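So the chains spell out like this:
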Amino acid sequence: MAQRREPRLGTVLFLGVLYYFLALPSGYVYAGDWLGCYRSYSSACGAATKRTPLQRARSAVMLYLADNPRDCPTVEDLVVERYLLEEYAAGIQIWCEDGEV
């Protein structure tokens, strides 16, 4: 009968540290990129790049939906309720179909 080896504490800790340093940070980067909220940083001084009006509108819609999950936001709602500045609202249109924005 073959003996079954139990994992040692050192092995378990090593795999946990490996996950912490490799898989977890890359998962955050790809998840942020997939959600559209990933911001790249300049390598020279570490300053964030400017966000476009479309990125600001997407963020405002996500925040509005977090506060009002059953409503479909309009651009006027976003401006009146201060989710979006009026200067970024020009030329933005929002459509809602089957619960998707």
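Residues numbered from 1 in each chain as written. Predicted model: local features only at pLDDT ≥ 70, side-chain atom pairs only at ≥ 80, totals over all residues. Heavy atoms only, no water.

Draft legend 1. Structural view of the overall build of the chain. Along the backbone of the chain there are four helices and zero strands. Along its sequence from the N terminus, the chain presents helices and strands in the succession α-α-α-α. Looking at the chain as a whole, 12% of its 101 residues are labelled buried. As presented, the chain carries roughly 9,100 Å² of accessible surface, and 57% of it is formed by carbon and sulfur atoms. (Helix = DSSP H or I, 4+ residues; strand = E, 2+ residues; numbered from the N terminus. Buried < 20%, exposed > 50% of the residue type's maximum accessible area, 1.4 Å probe, protein only. Areas by Shrake-Rupley, 256 points an atom, 1.4 Å probe, with all protein chains shown as cover.)

Draft legend 2. Inspection of the nonpolar core at higher detail. Core analysis: the biggest nonpolar cluster contains 10 residues, these being Ala57, Ala60, Val61, Tyr64, Val75, Leu78, Leu84, Tyr88, Ala89 and Ile92. Apart from residues no more than four positions distant in its own chain, Ala57 is found in contact with Leu84 and Ile92. (Core = buried A, V, L, I, M, F, W, Y, C linked by side-chain atoms within 4.5 Å. Contact = heavy atoms within 4.5 Å.)

Draft legend 3. Local environment of the packing of aromatic side chains. All told, the structure shown has one aromatic pair when counted by the stated rule. Judged by centre distance (5.4 Å) and plane angle (80°), the ring pair of Tyr64 and Tyr83 falls under edge-to-face. Within this pair, whereas Tyr64 is found in helix 2 (residues 53-67), its partner Tyr83 is found in the loop between helix 3 (75-80) and helix 4 (86-89), the two being separated by 19 residues in sequence. For Tyr64, a relative accessible area of 4% gives the class buried. (Phe/Tyr/Trp six-rings, centres within 6.5 Å; stacked < 30°, edge-to-face > 60°.)

Draft legend 4. Region of the structure containing a nonpolar patch on the surface. Judged by side-chain polarity, Phe14, Leu15, Val17, Leu18, Tyr20, Phe21 and Leu22 come together as a nonpolar surface patch covering roughly 760 Å² of accessible area. Within the secondary structure layout, Phe21 lies in helix 1 (residues 9-35). (Patch = residues over 30% accessible without salt bridge, like charges linked within 9 Å, V, L, I, M, F, W, Y side chains within 5 Å. Salt bridge = Lys/Arg side-chain N within 4 Å of Asp/Glu carboxyl O.)

Draft legend 5. Quick peek at unusual backbone geometry. Positive phi values are uncommon outside glycine, yet Arg82 reaches one of about 60°. Along the chain, Arg82 turns up in the loop between helix 3 and helix 4. A relative accessible area of 77% means that Arg82 is categorised as exposed.

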